[in-house]
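# Coordinates in review
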Amino acid sequence: MTTRKVNIAEKLAGFTEQWAPRRIARVNDYEIKAARIEGEFIWHTHDHTDELFLVVDGTLTIRLRDGDVVLGPGEMYIVPRGVEHCPAAREEAQILLFEPAGTANTGAEGGDRTREPVDA
């Protein structure tokens, strides 16, 4: 990773694959990942860390067992560690994720939707 400024729009324009986070920066032991999402992901938890979602474009719904959180551009939500959640977007949304390095996108669930982030 470099210490240069990061243009989020350029990073998001550099790929089209959905549900495949791209690492765009690091802050201490955390990674900032850009992702394009559409449709519904899987229900999962992160047992050892919170997960921050920040919407850049589109609408993101974070489904929780006790109700949904709907986010638009410029809005963010932190899913507390251990809380089961399921990100979803009816139409493509562009988001940033902030989480410790090495955090699996599928949390404790694992499975065929697990993707290792690659550098954008």
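A brief structural summary. (Residues numbered from 1 in each chain as written. Predicted model: local features only at pLDDT ≥ 70, side-chain atom pairs only at ≥ 80, totals over all residues. Heavy atoms only, no water.)

## So, the pairing of strand β5 (residues 67-71)
Counted only if it meets this: At least two DSSP bridges between two strands are needed for those strands to be called paired. A helix here means a DSSP run of H or I that spans at least four residues, while a strand means a run of E at least two residues long, and both kinds are numbered starting from the N terminus.
By the bridge criterion, five bridges tie strand β4 (residues 60-64) to β5 in an arrangement that is antiparallel. Bridge pairing in β5 places Ile62 opposite Val69. If you look at the hairpin formed by β4 and β5, you'll find two residues sitting between the two strands.

## Re the pattern of salt bridges
Side chains that carry opposite charge are capable of pairing whenever their charged atoms lie near each other. To keep things clear, this is the line we draw: By definition, a salt bridge exists where a carboxyl oxygen of Asp or Glu is found within 4 Å of a side-chain nitrogen of Lys or Arg. With a 1.4 Å probe rolled over the protein chains alone, any residue whose accessible area is under 20% of its type maximum counts as buried; one over 50% counts as exposed, and the rest are partly exposed.
All chains considered together, the criterion is met by nine salt bridges. Notably, a salt bridge pairs Glu17 with Arg22, separated by 3.8 Å at the nearest N-O pair. In this structure Arg22 comes out as buried when scored by relative accessible area, which is 14%. In this structure, Arg23 engages Glu31 in a salt bridge whose closest nitrogen and oxygen atoms are separated by 3.0 Å. One exposure class covers both Arg23 and Glu31, and it is buried. Members of the salt-bridge network, linked through shared partners, are Arg23, Arg26, Glu31, Lys33 and Glu99.

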